[in-house]
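Structure at a glance
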Amino acid sequence: MAKASERAIAEALLKRHGRTFADELHIPVEENTPSALFRLLCASLLFSARIQADIATRAARALADQGWNTPEKMAASTWGERTRTLNEAGYARYDGITSRMLGDTTQLLLDRYAGDLDNLREEAERKPDRERQLLKGFKGIGDVGADIFFREVQVAWDELFPFADQRALKGARKLGLTDDPKALAELVGDRDFPRLVAALIRVQLEGDHEEVLEEARRSEA
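Values in this document were obtained by computation on a predicted structure and should not be read as measured data.

With that settled, the discussion passes to helix 9 (residues 128-135). All of the buried residues in helix 9 are Glu-131, Arg-132, Leu-134 and Leu-135. End-on view of helix 9: buried residues confined to an arc of 165°, all on one side of the axis. Those residues of helix 9 hidden inside the fold are in contact with helix 3 (34-47), helix 7 (95-113), helix 8 (117-123) and helix 10 (143-153).

Attention now moves to helix 12 (residues 181-188). Of the residues making up helix 12, those classed as buried are Pro-181, Leu-184, Ala-185, Leu-187 and Val-188. Looking down the long axis of helix 12, one finds its buried residues gathered within 150° of arc, a one-sided arrangement. In helix 12, the exposed positions that point more than 90 degrees away from the buried face belong to Lys-182 and Glu-186. Each element contacted by the buried residues of helix 12 is listed here: helix 1 (6-17), helix 11 (166-174) and helix 13 (193-206).

Think of two packed helices as two axes; the pair is described by the angle between the axes and how far apart they sit. Put simply, helix 3 and helix 10 touch, their axes get as near as 8 Å, and they point 140° apart. On the basis of their axis angle, the class for helix 3 and helix 10 is oblique. Here helix 3 and helix 10 pass one another in a crossing that is right-handed. Residues Leu-37, Leu-40, Leu-41, Ser-44 and Phe-47 of helix 3 form the contact with helix 10, whose own contacting residues are Gly-145, Ile-148, Phe-149, Glu-152 and Val-153. For the contact of helix 3 with helix 10, the class distribution of residues is seven nonpolar, two polar and one charged.

Turning to the nonpolar core, a few remarks are in order. Ranked by size, the top nonpolar core spans 73 residues in total, and within it Leu-117 and Phe-149 carry the most contacts. For this core, the element with the most residues is helix 3, which contributes 10 residues. Apart from the residues within four sequence positions on either side, Phe-149 is in contact with Leu-37, Leu-40, Leu-41, Ser-44, Leu-117, Leu-135 and Trp-157.

As a further point, take the pattern of salt bridges. With the rule as written, the count across this model stands at 21 salt bridges. Between Arg-16 and Glu-215 there is a salt bridge; the shortest N-O distance is 3.7 Å. Taken as a pair, Arg-16 in helix 1 and Glu-215 in helix 14 (residues 209-220) lie far apart in primary sequence, 199 residues in all. Members of the salt-bridge network, linked through shared partners, are Lys-15, Arg-16, Asp-208 and Glu-215.

This next bit is on the environment of Gly-176. As for its placement among the helices and strands, Gly-176 is situated in the loop between helix 11 and helix 12. Taking the C-alpha atoms as reference points, Gly-176 and Ser-48, 128 residues apart in sequence, are found 26 Å from one another. Ignoring anything within four residues of it in the chain, the contact list for Gly-176 reads Lys-3 and Glu-6.

We now examine the environment of Ala-62. With respect to the element layout, Ala-62 can be found in helix 4 (residues 53-65). Overall, the relative accessible area of 15% leaves Ala-62 in the buried class. It is 17 Å that separates the C-alpha atoms of Ala-62 and Leu-37, two residues lying 25 residues apart in sequence. Dropping the residues within four chain positions of it, Ala-62 is found in contact with Thr-85 and Ala-89.

What counts, and where the lines are drawn
- Residues numbered from 1 in each chain as written.
- Predicted model: local features only at pLDDT ≥ 70, side-chain atom pairs only at ≥ 80, totals over all residues.
- Heavy atoms only, no water.
- Buried < 20%, exposed > 50% of the residue type's maximum accessible area, 1.4 Å probe, protein only.
- Helix = DSSP H or I, 4+ residues; strand = E, 2+ residues; numbered from the N terminus.
- Arc of directions from axis to C-beta.
- Contact = heavy atoms within 4.5 Å.
- Axes fitted to C-alpha atoms, helices over the stretch in contact; angles between N-to-C directions.
- Parallel < 35°, antiparallel > 145°, perpendicular 65-115°, else oblique.
- Left-handed = near helix turned anticlockwise from the far one by under 90°.
- Nonpolar A, V, L, I, M, F, W, Y, C, P; charged D, E, K, R; others polar.
- Core = buried A, V, L, I, M, F, W, Y, C linked by side-chain atoms within 4.5 Å.
- Salt bridge = Lys/Arg side-chain N within 4 Å of Asp/Glu carboxyl O.

Structure (structure tokens):
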């Protein structure tokens, strides 16, 4: 059977998995507001732990459901309240330590950046390497967490575009796609590129590479 083109594979990926994690959590990252950036930071912290993505998603939603959508509101919560909320969402293995990291991260954001990650961006002079370094100053955010944040925030922080981390690029290679971020962006256009990067993560979580390739082949038959 003939191999599908890269463009067809990319389109099949978008059709099957084309939503960012921020979309799933209803975080309007493109608005670049302090609240949206804060929620994305918290989600990046949750997703970077060794825990299933659906559990991290439920935990992020649970924090939002409590109304802790700004650093000020999160700072007003107690360690026990956060721990209980995470535990009830299924984030039981790391509930206590993650609750503490959320508290520490929130306080640093308030103290150093006046509660707005756009101030971190400006301190870094919009240089991605410096932005990464400063992000890693938050408890619970290492390179994995920074990668997650960068994948999603590039819709608002254009200095990061086109960003695809090594995990996403591994997914691209497995599907026979280019592993050059700029070339990947050219396959789908600037607007859909963050969705494509998220889809490259989701296809690995679902393990449905063959289904994506089959759909791409059918589209060109």
